[in-house]
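Architecture at a glance
So the chains spell out like this:
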Amino acid sequence: MVIPDDYMDQSMRKDVGLGGPYLLIMRRPTCPSGRRRLAEAARRAELGRVFERGVYANTDGRHFESVAEVRALRMMGADVIGQSMCPEVYLAREIGACYARVDLVVNYAEGVVRDWRHEELRELFFRESRAVGQILLDALRETPAEEECGCRDLRKDTLLTKDNAGKGEMRVGPDPAV
Ligand SMILES: [Zn+2]
């Protein structure tokens, strides 16, 4: 099991947001308190090794990645690949919520170690779904209503005004395109 502490959005979706007047800082995208509780619950479930850190590469799917894509993602620093951390992780930040997740790794990526087997993936997927659901419920039950984790401080007021909104990203210093 992997509890990601960072991510890379490799999806083709762009500019997904709720339109709030915020500057979203993704310096620490997942909640350290939530991650700790998920790790504790995952260990109690005894499904296997629990990694408390990991970089999650988010792709569009639903097809799996090619060998070349997996190789590229690995060189970029990815540890696991999936299709469900983005845009959730930045939408959570936009509403001021904490975000944490636990992932059951069900197969090797293409070109890594050995070819995965469909039966093996299916078995893990269905057999462990209750246990994973229990981990989430346990972690949620132990989550206090108010927490000093600092996640909400990573949502700042936007520096864009009506005048400069929509003119692309902000830059420090001269814009080489101008
Ligand atoms: Zn938090």
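These numbers were taken from a predicted model, which means no experiment stands behind them.

**Let's talk about the overall build of the protein chain**
Along the protein chain, the regular secondary structure elements total five helices and five strands. Reading the helices (α) and strands (β) of the protein chain from amino to carboxyl end gives β-β-α-β-α-β-α-α-α-β. Dimensions of the protein chain, computed from the C-alpha atoms along their principal axes, are close to 55 × 45 × 20 Å. Counting all 178 residues of the protein chain, 19% fall into the buried class. The contacts of the protein chain with a sequence gap of at least 6 include a subset with a gap of at least 24, amounting to 82%.

**A word on the confidence of the model for the protein chain**
Per-residue pLDDT for the protein chain averages 90, and the proportion of residues at 70 or more is 90%. Element-level pLDDT for the protein chain is lowest in helix α4 (residues 118–127), with a mean of 88, against a maximum mean of 98 in strand β3 (residues 55–58).

**Observations regarding the nonpolar core**
Counting residues in each nonpolar core, the largest one holds 13 residues, and the members touching the most others are Met 1, Ile 3, Leu 38, Ala 41, Ala 42, Val 102 and Ile 135. Counting residues per element, the ones that place at least two in this core are α1 (32–45) and α5 (129–141). If you tally residues by element for this core, the top one is α1, at four residues. Residue contacts for Ala 42: discarding those within four places in its chain leaves Met 1, Leu 47, Val 50, Val 102 and Ile 135. Ranked by size, the runner-up nonpolar core spans ten residues in total, among them Tyr 7, Ala 57, Val 89 and Ala 109.

**Some details on the sheet that holds strand β1 (residues 6–9)**
The strand order β1-β3-β4 describes an open sheet built from three strands, whose pairing is parallel. At either end of the open sheet lies a strand with only one pairing partner, and these are β1 and β4 (80–82). Averaged over all pairs of adjacent strands, the angle between their axes in this sheet comes to 25°, without regard to strand direction. When β3 meets β4, the two strands line up parallel, connected through three bridges. For Asn 58, the partnering residue across the bridge sits in β4 and is Gly 82.

**Regarding unusual backbone geometry**
The omega torsion of the bond from Gly 61 to Arg 62 falls at -5°, within 30 degrees of zero and hence cis. The amide bond that connects Cys 86 to the next residue, Pro 87, takes the cis arrangement and shows omega of 10°. Within the secondary structure, Pro 87 is located in the loop between β4 and α3 (88–94). Backbone geometry at Glu 46 places phi at a positive 50°, although glycine is not the residue there. If you trace the backbone, Glu 46 turns up in the loop between α1 and β3. The backbone phi angle of Val 113 is positive, close to 60°, even though this residue is not glycine. On the basis of neighbour count, Val 113 is assigned to the exposed category, with 8 C-beta atoms found within 10 Å.

Basis of the calculations
Residues numbered from 1 in each chain as written. Predicted model: local features only at pLDDT ≥ 70, side-chain atom pairs only at ≥ 80, totals over all residues. Helix = DSSP H or I, 4+ residues; strand = E, 2+ residues; numbered from the N terminus. Buried ≥ 20, exposed ≤ 12 C-beta atoms within 10 Å, placed from the backbone. Contact = placed C-beta atoms within 7 Å. pLDDT = per-residue confidence, 0-100. Core = buried A, V, L, I, M, F, W, Y, C linked by C-beta atoms within 7 Å. Pairing = 2+ DSSP bridges. Axes fitted to C-alpha atoms, helices over the stretch in contact; angles between N-to-C directions.

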